[in-house]
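Reading the structure
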There are 2 protein chains.
Amino acid sequence: MGEFELIRNFFAAAPCAQGGEGVALGIGDDCALLAIPTGEQLAISTDTLVAGVHFADPCDPFLLGQRSLAVAVSDLAAMGATPIAFTLALTLPTVTTDWLQAYARGLSLMAQSCRVALVGGDTTRGPLSMTMTVFGRVPNGLALTRSGAQPGDLLCVGGELGNGAGALPLVLGERTAEPAIADPLLAHYWSPQPQLALGQALRGKATAALDISDGLLADCGHIALASKVAVQVECDRLPLSSALVAFLGKAGAQNAALSGGDDYVLAFTLPSVELPPLLAEGWPIHVVGRIVAGQGVTLLDSDGQDITPQTRGYQHFRESP
Amino acid sequence: MGEFELIRNFFAAAPCAQGGEGVALGIGDDCALLAIPTGEQLAISTDTLVAGVHFADPCDPFLLGQRSLAVAVSDLAAMGATPIAFTLALTLPTVTTDWLQAYARGLSLMAQSCRVALVGGDTTRGPLSMTMTVFGRVPNGLALTRSGAQPGDLLCVGGELGNGAGALPLVLGERTAEPAIADPLLAHYWSPQPQLALGQALRGKATAALDISDGLLADCGHIALASKVAVQVECDRLPLSSALVAFLGKAGAQNAALSGGDDYVLAFTLPSVELPPLLAEGWPIHVVGRIVAGQGVTLLDSDGQDITPQTRGYQHFRESP
């Protein structure tokens, strides 16, 4: 089967490649064309997942399809952007119809959930990896960046932390757990839900935002650096799922939340006056610390003592991958 | 060295990552932000290059930096788009400072030549490959697609064909040649010049266009399919460089031009009335055939005899890679 047939069969025909608001020209030409409404900017993010580095190989292609897109779209949520479209650059060692069909099904399910259309890409032979580039739109001046946090702001997160990292030993087959514990953790790992509505609700309110992919401490370090402030995280305020605490114990769950990565939950800074109306609207916001003058990230226990660990979050280029 | 330092040191500091017209927010946040002028659409294209499939491994990282970006930007030329920005998803087996510096130098040189700014990306550990996603802008309704060719149009190309394919045995070390032959072929292979100005000049004039990446015959097949017409290519009209003919002989040079790929020269269809003013403006346009009613691609000799070969152009997923 030729490259062109491959792309046409499995992706151009996938539900996620049909139509899409803002898509003027989809798959099949040299470029796709997007229409960006007047008064809005285009938000772009790129993520690569490599077999054996970012996911186990082999793994379920349906779940991989879901997860690979969700991870990329989460960056749009972190900017407060409304998703429009994405491209997929897929590198495969062999062409296997069953694999491609299952991958395309997972991809399409997540694409429909996020209202994002596949508009192009490239398919090549090589070691299994995929690069997603996602596109969204956001009103001029309202994108949520990492650089606006101010001393006095609250540090908030949009949901429970640590579930993605907690799932990893289950994903890798290193541990097992009863379904009541394993199922919610694995669901979070394989099908993280980008917090798009929350990101859009934070436009004009949050002073800084990002999605947690490297662990709360490492990602707060990005806000501290970009905003030229210090971030204080209060360990006892971390929202932890009962499944995670049952699986790892409280200390293990806290460690997963602080340093584990793979959460794809929003972390953001908020002037305290903005919090009550957002809570009244029902947004799942947890205050986990605050912003002060200074630099870096500090972890505090319930007595306000500094218990900052030496870890710096997950690094793809760490010494022992 | 951590992933973040790696990206910051070698790419955020590269000349190509500084500023850029239309770039509202560059490297360093969850997303980049682009401003698209009112009345224009965004053009997007993605290309992946895999070591051992699309380029020899090892190869010169400076040359690879140039070529990897040029190949992607060529798709913007094919749409008549004006380049704005690009993202780079780079997967590396090891982090080597010398390699990265040389790659970034080649990338920056091509980026400056094409006036395109690096606005983001991802850097991961894994088998060497790179995915470029490029962004351009084009006035509403003036993008050059593949689907508008009409019977009676001329089939044209924007320059000599076959040089990229002709260079391949030199690149792979399978053959050698004297500098007068090798240098121009290798220059075309490693540093193809996207025909951006020509693409923009063809807006509102060409009825269909693409850039030749799979060989003239295979790429004309894309126009024939999308436009629902037949394309006739006249073998004796193919523009061939003297270096290519000296290296491969006339028949070999014609074969490289027809089926070799890697040209990144524009092929387009033009109502005959549009040709004289474009030639008068000095554009390097060669008429190589014409569009007729029907379907598919036919190769004709100087007597008008059908000599269509059975090849279908370069396929990444061909049987013997």
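No experiment lies behind these values; they were computed from the predicted model shown.

Points about the domain arrangement of chain A
By a widely used convention, the size of an interface equals the accessible area lost when the partners come together. Residue and element names in this part refer to chain A. Under the domain assignment, chain A is made up of domain 1 (3–139) and domain 2 (154–300). Summarising the inter-unit geometry, the C-alpha centres of domain 1 and domain 2 are found 25 Å apart. Contacts between domain 1 and domain 2 engage 26 residues on the former and 18 residues on the latter. A per-residue breakdown of the area domain 1 buries against domain 2 is headed by R67, A77 and A78, which together make up 32% of the total. Run the count over domain 1 and domain 2 and you get one salt bridge. Between D262 and R67 there is a salt bridge, with its nearest N and O atoms 3.2 Å apart. At the surface where domain 1 touches domain 2, the tally comes to eight residue pairs in polar contact (both at pLDDT 80 or more). Secondary structure elements with two or more residues in the side of domain 1 that touches domain 2: α2 (61–78), β4 (82–92), α3 (97–114) and β6 (129–139). Grouping the constituent residues of the side of domain 1 that touches domain 2 by class yields 17 nonpolar, six polar and three charged.

Looking at the environment of B:S259
All names here are of chain B. Secondary-structure assignment places S259 in helix α8 (residues 242–259). Using a relative accessible area of 14% as the deciding quantity, one classes S259 as buried. Along the backbone, S259 and F247 are 12 residues apart, and their C-alpha atoms lie at a distance of 17 Å.

Focus: unusual backbone geometry
One can expect most non-glycine residues to show negative phi and most peptide bonds to be in trans. A:P58 follows A:D57 through a cis peptide bond whose omega is 5°. Looking at where A:P58 falls in the secondary structure, it is placed in the loop between β3 (40–50) and α2. The residue B:R115 is not glycine, and still its phi comes out positive at about 55°. Judged by relative accessible area, which is 66%, B:R115 ranks as exposed. Even without being glycine, B:Y264 reaches a positive phi, approximately 55°. Turning to its location among the elements, B:Y264 is positioned in the loop between α8 and β10 (266–270). With relative accessibility at 8%, the residue B:Y264 sits in the buried group.

A look at the side chain of B:S227
Residues and elements named next belong to chain B. If you trace the backbone, S227 turns up in helix α7 (residues 216–227). Given a relative accessible area of 10%, S227 falls into the buried group. Here the side chain of S227 touches S147 through a polar contact of 3.5 Å, landing on its backbone oxygen. Within polar-contact distance, the side chain of S227 engages the backbone nitrogen of G148 at 3.3 Å. Apart from the residues within four sequence positions on either side, S227 is in contact with R146, S147, G148, A149 and A208.

Examining the packing of helix α4 (residues 163–171) of chain A against helix α5 (residues 179–190) of chain A
All names here are of chain A. Where α4 contacts α5, the two axes come as close as 8 Å, and the packing angle between them is 105°. For the element pair α4 / α5, the angle class is roughly perpendicular. Within the contact between the two elements, α4 uses N163, G164, G166, A167, L168, L170 and V171 and α5 uses A182, L185, L186, H188, Y189 and W190. Across the contact of α4 with α5, the residue classes break down as nine nonpolar, four polar and no charged.

Quick look at the sheet that holds strand β9 (residues 230–234) of chain B
Strand pairs in the sheet, formed through backbone hydrogen bonds, run parallel or antiparallel to each other. Residue and element names in this part refer to chain B. Pairing within the open sheet is mixed, and its six strands lie in the order β8-β10-β7-β11-β9-β12. Of all the strands in the sheet, the pair left with one neighbour each is β8 (208–211) and β12 (296–300). On average, each strand axis in the sheet is tilted by 25° relative to the strand beside it, whichever way the strands run.

Parameters and conventions
- Per chain, residues are indexed from 1 in the order of the written sequence.
- The lettering of chains begins at A and the numbering of ligands begins at 1, in the order of writing.
- Totals for whole chains, interfaces and linings use every residue, but because this is a predicted model, local features are given only for residues with pLDDT of at least 70 and side-chain atom pairs only at 80 or more, for both listing and counting.
- Side-chain calculation: all heavy atoms of the structure are included, whereas hydrogens and water are not.
- Each domain's extent was defined by an automatic or database domain assignment.
- What makes two residues a contact is simply this: any of their non-hydrogen atoms within 4.5 Å.
- Here's the idea: put two parts together, see how much 1.4 Å probe accessible area each one loses, and the total over both is what we call buried area.
- Counted as salt bridges are all cases of a side-chain nitrogen of Lys or Arg within 4 Å of a carboxyl oxygen of Asp or Glu.
- A 3.5 Å cut-off defines polar contacts: any pair of N or O atoms within that distance qualifies, except that in protein one atom must be a possible hydrogen donor and the other a possible acceptor, and neighbouring residues in sequence count only when both atoms are side-chain atoms.
- For helices the rule is a DSSP run of H or I covering at least 4 residues; for strands it is a run of E covering at least 2, with both sets numbered from the N terminus onward.
- Residues are sorted three ways: Asp, Glu, Lys and Arg are charged, Ala, Val, Leu, Ile, Met, Phe, Trp, Tyr, Cys and Pro are nonpolar, and all the rest, Gly among them, are polar.
- The buried label applies to any residue whose accessible area, calculated with a 1.4 Å probe on protein chains only, is under 20% of its type's maximum; exposed applies above 50%, and partly exposed to all values in between.
- Helix axes are fitted to C-alpha atoms over the stretch in contact, other axes to C-alpha atoms as well, and angles between N-to-C directions run from 0 to 180 degrees.
- With respect to orientation, any angle under 35 degrees is reported as roughly parallel, any angle over 145 as roughly antiparallel, any angle of 65 to 115 as roughly perpendicular, and every other angle as oblique.
- Strands pair, by our definition, only if DSSP identifies at least two bridges between them.

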